[in-house]
Amino acid sequence: MQRIRLRYTKRGRLRFTSHRDFQRAFERALRRAEVPMAYSAGFTPHPKVSYANAAPTGTGSEAEFLEIALTEQRDPETLRILLDESLPDGLDITDAVEARTSGLADRLTASVWELRLDGVALEDAEKAVAAFLAADTVEVQRKTKNGIRTFDARSAVADLVAARPQARPEADRPLDNACAILRLVVRHVTPAVRPDDVLSGLRAVADLAPPVPAAVTRLAQGLFDEESGTVTDPLAPDREAVTAAPPTAAATASATAPGAGSA
């Protein structure tokens, strides 16, 4: 059995698709691309697909990850292209690598988020960020199925800065009004701290309340490096393992066959 790890996006209007919507779309793409999927056992077999830390509905993402199990060997890049062509624009498969290591989910320990605050001046955003970072704790509340839960949003935030927006052709909103961009690095903790929880914290400590809902995009997720404060690529260990792997028996036999390499 071969395992392939994929990175995919949720862009534009498709950020409003739920995780279940994506699952259905992806399984249809697997059938259209004729991927030789491995299936679970039992009365209701289903494709062996493992999803890792999906972004909340309504948020865009450039860094979602999943793993699939195949019954036949396939080239990861060829598979990526076939699946990307079988999905709608906005749900894009941007990377593929053969799984050579274990624990992909364990390497997703932090996320980098971008929050676009339309109608908020940069100076106001900077003051709110300074107040948030200066606080030891910032308690926020979230409604759950078990009632209202109160927790600290500050401890999970590794970095938070305010910046001016940069014009991008693919941006969902124009840049003709006041706008601030927050770039946020959040550790994956329990309970999970989401971008909207940080916005609640900014409102609590500095009364920052954007007049329209923030446009939220996950830019990256992976292993958090405490020394550099960066989030590393979770697929890098698999690429390195492929590069360092010894040649296969078939490749070795081909290279040592009589006449190999002769003109």
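Keep in mind that this is a model prediction, so the values were computed, not measured.

Caption draft 1: Broad picture of the confidence of the model for the chain. Averaged over all residues, the pLDDT of the chain equals 89, while 89% of them reach at least 70. At the level of individual helices and strands, the chain shows its lowest average pLDDT in helix α6 (residues 249-256), which scores 44, and its highest in strand β4 (residues 93-98), which scores 98. Taken as a whole, residues 248-263 scores under 50 in pLDDT and shows three contacts with residues more than four places along the chain or in a different chain.

Caption draft 2: Here's a closer look at the pairing of strand β6 (residues 139-144). Looking at chain direction, β6 and strand β7 (residues 147-152) are connected through six bridges and run antiparallel. Its bridge partner being in β7, Val 140 is matched across the sheet by Phe 151. Counting the residues between successive antiparallel strands, the hairpin from β6 to β7 contains two residues.

Caption draft 3: Main features of the pattern of salt bridges. Under the criterion given, the structure shown has 18 salt bridges. A salt bridge links Arg 100 to Glu 98, with the nearest nitrogen and oxygen atoms 3.6 Å apart. Overall, Arg 100 belongs to the partly exposed group, its relative accessible area being 39%. Each member of the salt-bridge network shares a partner with another, and the members are Arg 3, Arg 5, Glu 67, Arg 107 and Asp 238.

Caption draft 4: Structural view of unusual backbone geometry. The amide bond that connects Thr 190 to the next residue, Pro 191, takes the cis arrangement and shows omega of 0°. Its place among the elements puts Pro 191 in the loop between β9 (179-187) and α4 (195-206). A positive phi angle, close to 55°, is found at Glu 34, a residue other than glycine. Within the element layout of this structure, Glu 34 appears in the loop between α1 (19-32) and β2 (49-52).

Caption draft 5: Quick look at α4. Between its terminal C-alpha atoms α4 stretches 16 Å, which fits the 16 Å expected from twelve residues at 1.5 Å a residue. Residues Pro 195, Asp 197, Val 198, Leu 199, Gly 201 and Leu 202 constitute the buried set of α4. In the segment just after α4, Asp 207 is the residue with positive phi, at about 55°.

What counts and what doesn't
- Residues numbered from 1 in each chain as written.
- Predicted model: local features only at pLDDT ≥ 70, side-chain atom pairs only at ≥ 80, totals over all residues.
- Heavy atoms only, no water.
- pLDDT = per-residue confidence, 0-100.
- Helix = DSSP H or I, 4+ residues; strand = E, 2+ residues; numbered from the N terminus.
- Contact = heavy atoms within 4.5 Å.
- Pairing = 2+ DSSP bridges.
- Salt bridge = Lys/Arg side-chain N within 4 Å of Asp/Glu carboxyl O.
- Buried < 20%, exposed > 50% of the residue type's maximum accessible area, 1.4 Å probe, protein only.
- Expected span 1.5 Å × (residues − 1).

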